[in-house]
Amino acid sequence: MKKLLIASCLILSFCLLFILLKPNKYIEQNNPIPKHLSTQYKTEIEKIIDMEYPLVIKKIDNLAKDAEELKNKLPNNKAVKNNNFQQEYTNLCLIAEICIPATDLDLYAKIMQITQEKYLNIEYKPFATDNPSAFKDYLHPYFINNNVNQNKLESISKYANKKISVIEKYCTEIGKMQGY
């Protein structure tokens, strides 16, 4: 029985190792932007970033406002523990964990679509995720190779992280009151 269990674990380990070491076709950068289109790519991507930046910031502000309103609806005392505010607590934490981190997802998806369709002449295949980090990882080499100014993208991340920190504090406070 032990030998069968060990053999199964070894086979499973090799399968997982093969899957993990298999190159990801989305992350590989085999197709650089053609040199004669580099300046055009840089200009177009920076224009999109400039146009979308205030919209993303506004989304973050609206979500932070929603989170503050949810927090303010909850009593600031031990009465929270005696009542069930599970839904409000969950909604508040979801804003910090999912909603705010995904605010720039549409921006990255739009940039990736233009990069693939217009500049690489490949079919746009978005990632099946609600986290923009896969898009960031894919696009980063294109940004570097074509000198795309990423300051506003970094600014969005920093701003989102500040708002997330505030909302996480709300979640911690309410979680303690609820006994979580």
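Presented here is an overview of the structure given in this document. These numbers were taken from a predicted model, which means no experiment stands behind them.

So, how was this worked out
- Residues numbered from 1 in each chain as written.
- Predicted model: local features only at pLDDT ≥ 70, side-chain atom pairs only at ≥ 80, totals over all residues.
- Heavy atoms only, no water.
- Phe/Tyr/Trp six-rings, centres within 6.5 Å; stacked < 30°, edge-to-face > 60°.
- Buried < 20%, exposed > 50% of the residue type's maximum accessible area, 1.4 Å probe, protein only.
- Helix = DSSP H or I, 4+ residues; strand = E, 2+ residues; numbered from the N terminus.
- Lys NZ or Arg CZ within 6 Å of the ring centre and 35° of its normal.
- Salt bridge = Lys/Arg side-chain N within 4 Å of Asp/Glu carboxyl O.

1. Observations concerning the packing of aromatic side chains
Next, step 1: Applying the stated criterion to the full structure yields 4 aromatic pairs.
Next, step 2: Pairing Phe127 with Phe135 gives two aromatic rings, centres 5.0 Å apart and planes at 70°, and the pair type is edge-to-face.
Next, step 3: In this structure Phe127 comes out as buried when scored by relative accessible area, which is 14%.
Next, step 4: On the basis of relative accessibility, which here comes to 2%, the residue Phe135 falls in the buried class.
Next, step 5: Where Phe127 meets Tyr138, the ring centres are 6.1 Å apart and the plane angle is 70°; that geometry is what we call edge-to-face. Taken together, the residues Phe127 in the loop between helix H5 (105-119) and helix H6 (133-145) and Tyr138 in helix H6 connect sequence positions 11 residues apart. Both residues of the pair, Phe127 and Tyr138, count as buried.
Next, step 6: The structure contains a cluster of three or more aromatic residues connected by ring pairs, namely Phe127, Phe135, Tyr138 and Tyr142.
Next, step 7: The ring of Tyr53 has Lys152 lying over it, and the distance from NZ or CZ to the ring centre is 5.4 Å.

2. Quick word on the pattern of salt bridges
Next, step 1: Scanning all chains against the criterion turns up 5 salt bridges.
Next, step 2: Between Glu46 and Lys42 there is a salt bridge; the shortest N-O distance is 2.7 Å. In this pair, Glu46 and Lys42 both sit in helix H2 (residues 38-73), 4 residues apart, roughly one turn of the helix.
Next, step 3: Look at Lys42 and you get partly exposed, because its relative accessible area is 27%.
Next, step 4: For Glu52, the salt bridge goes to Lys110, with nearest N and O atoms at 2.8 Å. Of this pair, Glu52 sits in helix H2 while Lys110 sits in helix H5, and the two are 58 residues apart along the sequence.
Next, step 5: A relative accessible area of 14% places Glu52 in the buried class.
Next, step 6: The class of Lys110 is partly exposed, set by a relative accessible area of 34%.

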